[in-house]
Amino acid sequence: MENAGYFDELISRVISGNASSDEFEQFDNWLAKSENNRKIYEDSLKAWNAAETWLKPENIRKDKLKIITEVNRNLIIQSDRSRRRSVIYLAAAILAFPLAIAVNILFFSNSVPDYSCNPAVCEVSAPAGHISECKLPDGTEVWVNSGSKITYNSSGFTGKSREVQLDGEAYFEVSQNKKKPFYVRTGFADIKVTGTSFNVKAFPDSKTFETVLSEGSIELEIKGENTNQYIKVKPGERAILNAGQKKLLVQNVDTRIYSAWRNGQIIFQDATLNDLIKELERIYDVKVRLSDPGLGNYRFRGTFSYDSNLINALEKFKITAHINYRIENREVLLSKIN
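Cut-offs used in this document
- Just so you know, the residues in each chain are numbered from 1, in the order the chain's sequence is written.
- In keeping with the model being predicted, local features are shown solely for residues with a pLDDT of at least 70 and side-chain atom pairs are shown and tallied solely at 80 or more, while totals for entire chains, interfaces and linings include all residues.
- Each side-chain value is worked out from all heavy atoms of the structure, with water and hydrogens disregarded.
- To qualify as a helix, a DSSP run of H or I must reach at least 4 residues; to qualify as a strand, a run of E must reach at least 2; elements of each kind are numbered from the N terminus.
- N or O atoms closer than or at 3.5 Å make up a polar contact, with two conditions inside protein: a donor-capable atom paired with an acceptor-capable one, and, for residues adjacent in sequence, both atoms drawn from side chains.
- Residues are treated as being in contact if the distance between any of their heavy atoms lies within 4.5 Å.
- Expected span of a helix: the number of residues minus one, times 1.5 Å.
- Here's how the labels work: a residue is buried when its accessible area is under 20% of the maximum for its type, exposed when over 50%, partly exposed in between, all with a 1.4 Å probe on protein chains only.
- Directions from the helix axis toward the C-beta atoms define the arc.
- Stacked, edge-to-face and tilted labels apply to pairs of Phe, Tyr and Trp rings (six-membered ring for Trp) whose centres lie within 6.5 Å, assigned for plane angles under 30 degrees, over 60, and everything in between, in that order.
- For a ring to carry a charge above it, either NZ of a lysine or CZ of an arginine must fall within 6 Å of the ring centroid while also lying within 35 degrees of the normal to the ring plane.
- For the purposes of this section, nonpolar cores are sets of buried Ala, Val, Leu, Ile, Met, Phe, Trp, Tyr and Cys residues that join through side-chain atoms within 4.5 Å.
- Should DSSP find at least two bridges between two strands, the strands are taken to pair.
- To get an axis, fit a line to the C-alpha atoms, keeping to the stretch in contact for a helix; angles then go from 0 to 180 degrees between the N-to-C directions.

Asker: Break down the side chain of D190 for me, with residues and values.
Answerer: Residue placement: D190 occurs in strand β8 (residues 189-193). Here the side chain of D190 touches T186 through a polar contact of 3.5 Å, landing on its backbone nitrogen. Excluding anything up to four places from it in sequence, D190 contacts V184, R185, E219, L220, E221 and K223.

Asker: Mind laying out unusual backbone geometry, listing which residues take part and the relevant values?
Answerer: In this structure, D285 is a non-glycine residue whose phi angle is positive, near 55°. With respect to the secondary-structure elements, D285 resides in the loop between α8 (273-284) and β16 (287-290).

Asker: So, α8: which residues are in play, and what are the values?
Answerer: Compared with the 16 Å implied by 1.5 Å per residue over 12 residues, the 16 Å span of α8 between its first and last C-alpha is a close match. Buried within α8 we find L273, L276, I277, E279, L280, I283 and Y284. Down the axis of α8, the smallest arc covering the buried residues is 165°, so these residues share one side. Once α8 finishes, D285 follows within two positions and takes phi at roughly 55°, a positive value.

Asker: Tell me about the packing of aromatic side chains, and please be specific about residues and values.
Answerer: In total, this model carries 7 aromatic pairs according to the counting rule given. Where W143 meets Y171, the ring centres are 5.9 Å apart and the plane angle is 70°; that geometry is what we call edge-to-face. Separated by 28 residues along the polypeptide, W143 in strand β4 (residues 141-144) and Y171 in strand β6 (residues 162-173) bring together distant segments of the chain. With respect to class, W143 is no different from Y171; both count as buried. Taken together through their ring pairs, the aromatic side chains of F27, W30 and Y41 make up a single cluster. The aromatic ring of Y183 is capped on one face by R185, whose charged end is 4.4 Å from the ring centroid. The ring of W143 carries R262 above its face, with NZ or CZ at 4.8 Å from the centroid.

Asker: Quick rundown of the nonpolar core? Include the residues and the values.
Answerer: With 36 residues, the main nonpolar core has F27, Y41 and V332 as its most contacted residues. When near neighbours in sequence (up to four residues on either side) are disregarded, V332 contacts V286, K287, V288, R289, L310, L314, Y325, R326 and I327. Counting residues in hydrophobic clusters, the runner-up holds 33 residues, among them V164, I218, A239 and L241.

Asker: How would you sum up the sheet that holds β16? Please name residues and give values.
Answerer: Strand order in this open sheet of 3 strands is β16-β19-β18, and the pairing throughout is mixed. With one partner strand each, in any of the chains shown, β16 and β18 (323-328) form the two edges of the open sheet. Taking the axes of each pair of neighbouring strands and ignoring which way they run, one obtains an average angle of 25° across the sheet. Across 4 bridges, β16 lies against strand β19 (residues 331-336) in parallel orientation. Bridging across to β19, V288 finds its partner in V332. With respect to the sheet, α8 is in contact with β16, β18 and β19, its orientation differing from that of β16 by roughly 155°. Seen against the sheet, helix α9 (residues 310-321) touches β18 and β19 and runs at an angle of roughly 155° to β18.

The following block contains the structure:
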């Protein structure tokens, strides 16, 4: 295992975000052995990042959305038998991607949707460390955040309304249609729109629901035991619902802060390390521990960028905050550099 070829492959798997927990641990041990190893990694990372100039992301994005949109269109107009065929068409379309798209899957994996569909339900999800983007049958664009998913019945877009179920966080740019309202269903509240842009966060394991309206208008239907409550949200407002206390707070905010994650960024105005840790654990599906609990009170202000590579994120902490890290299986230990 102690050979250049093996570690070249290991570095590639780490940079691409495809390394297992054991491989991450091997890489971390190898990186700590010498400055030369660290230089090899940094040179490899530069070469990897430079590869982005080979492709135009905007053209790749259009191609991917065009294929997904066409698949959705076929799902709507076909009979049950044809719908079963359309799943095969989807697989064929993916296999028929041009070389540029195939390379994009390797280099830009945090924008490739995990898409599955059967005659009844379609699902778009984003695994840990990834962001998925898709276009629904009506032309609505959706960005699905790490660890989240949306589900919908494609045939449901042909009736009097359009509906999706959200588990987690997503940003919607809804195609306008006043005669056919668009609903986002969550476990806490439902959102009704006709054409607008907004962010929704409703993780099943959280007691908090929130939505931030960028433009247009939305109506919240908060689910109660006996009666439901209806509230209209205006552009620039953030509505936060504490499901446990049944309290709703509406505040004016800078909406860019709550949608920056679509570009792999988290903007913090005044956040603690504990706040950042929550995001790290959710994005990368790891457990983070502090050698000194007092580190959790360190405050941050600015933009934190992330991708599908956990090592990159931890290196940024090390450089900007002088916080060291050690990875053991799926646990990360953070400690102050003396």
